[in-house]
Amino acid sequence: MELQQIRRMVTEAFEEERYTTYFDREKSVLRIERKQDRTGVDLGLNPLVAKAKRRGVIAVEETIEYIKAVLEQTEPISLVGNEQKVLPVIRAKSFADETKDGKRIISTPHTGETKIMYALDLGATYRLIDEDLVEQAGWTTEHLSEAARFNLKSLEAPFKVDEVAGNVFYFLSTGDGYEASRVLNKQLLADHADKVTGEFSIGIPHQDVLIFADIRNDAGYDVLQQLMFDFFTNGRVPVTALPFLYEDGNLEPVFVLAKNKHPKP
C-alpha cells in the first residue's frame, strides 16, 4: 500500500461528523481530532506505510481501531476508585516525557534502553498517567508504582514454546497490551531462570510481546536477533531491538553478535 492509499483509508474511517482530519504534507503526518474539544491523535504515515508493506491492510485496520478507541473515550478520567486498573508499561528510553499539551508523564528508570511508565486501563485502550492525575488523586509516585506492580502480578503469562536449532524460545502475546510489562514481574523471571539450561535472554521489542529464550548455542543468538528485529519493526509501540541477558535478577543488553560470543563450557 502506498502513502496516499493509506491516507485515504484512514481519512474515510473518520468522515463522521464528530471528527475532522488535517494532513501535514511536509511531515507526512495525519491528525485526527474530535470536533467537540480538539482532542486528537497525530499519525505518522511513513512508519505505517512500512508496516503495511510487511503486513498488508490489517496493519492499517489495527491502527484505525486503536485511534477510535482513544478518541471515543470522552468520560472524565480519575485515579480515584480505579487503583486496581493501574498497570506499568514499558517504553523506549527516548519515548516522550510530555503530552502534546505539556503535561509531564510519570516515569521511572528501568534499563539503559527502557523506562517504566504507568497506565490507567480503560478497556479497549489506556491512558498514560501524568503528574496532574497523580496530584488530583492525592497519590505519590511511590504509591502509583506500588499499585501498578501489585496489579501486574495478577496477569497470567501463557507462553507459547518453540525450539529452533537446539534453542528454546517462549513467546507471550495475549492481546491485553501489557505483555512487555510482565518483564517487571520478578517472580516470573526467576521461575523461568530456573528452567533454562543455557543463557537466559529476554526480548521486549514492542509493547505487545515478550520473548524469553533459553540460548544453548551460538545459533540461538542469530535467531534471537532476527526475531527481535522483525518484532521491533512490526510493533505498534516499538521498545528496543536489543535483547537482554538475565543474570542475578538484572537485565543487561546484548551488544555482541552471536559469532563473537564464546560458548559456555
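K.L.:
Help me understand the sheet that holds strand E3 (residues 40-44) in this model?
P.N.:
The strands making up a sheet associate through hydrogen bonds between their backbones, and the pairing can be parallel or antiparallel. Strand order across the open sheet formed by 3 strands is E1-E2-E3, with antiparallel pairing between neighbours. The strands lining the two open edges of the sheet, one partner per strand, are strand E1 (19-24) and E3. Between one strand axis and the next, the sheet turns through 20 degrees on average, direction left out of account. In this structure, strand E2 (residues 29-34) lies alongside E3, joined through 5 bridges in antiparallel fashion. The residue of E3 that forms the bridge with Val29 is Gly44. Packing of helix H1 (residues 3-13) onto the sheet brings it into contact with E1, E2 and E3, and relative to E2 it is tilted by some 0 degrees. The strands touched by helix H3 (residues 57-71) within the sheet are E1, E2 and E3, with E3 carrying the most contacts at an inclination of about 160 degrees.

K.L.:
I'm lost on the packing of aromatic side chains in this one. Help?
P.N.:
Within a pair of aromatic rings, the relevant descriptors are the distance that separates the centres and the angle that separates the planes. Inspection of every chain in the model, using the stated rule, returns 7 aromatic pairs. Each member of the aromatic cluster is reached from another via a ring pair, and the members are Phe159, Tyr170, Phe200, Phe212 and Tyr246. Its end group placed over the ring of Phe14, Lys68 keeps NZ or CZ at 5.8 Å from the ring centre. Cation over ring: Arg91 sits above Phe95, and NZ or CZ is 5.2 Å from the ring centre.

K.L.:
Please clarify how the confidence of the model for the protein chain should be interpreted in this entry.
P.N.:
It should be kept in mind that the predicted coordinates are not to be read in detail where pLDDT is low. Per-residue confidence for the protein chain gives a mean pLDDT of 90; residues scoring 70 or more make up 96%. Predicted confidence is poor over residues 258-265, with pLDDT under 50, and the contacts of this stretch with residues over four places away or in other chains come to 10 contacts.

Analysis parameters
Residues numbered from 1 in each chain as written. Predicted model: local features only at pLDDT ≥ 70, side-chain atom pairs only at ≥ 80, totals over all residues. Heavy atoms only, no water. Pairing = 2+ DSSP bridges. Helix = DSSP H or I, 4+ residues; strand = E, 2+ residues; numbered from the N terminus. Axes fitted to C-alpha atoms, helices over the stretch in contact; angles between N-to-C directions. Contact = heavy atoms within 4.5 Å. Phe/Tyr/Trp six-rings, centres within 6.5 Å; stacked < 30°, edge-to-face > 60°. Lys NZ or Arg CZ within 6 Å of the ring centre and 35° of its normal. pLDDT = per-residue confidence, 0-100.

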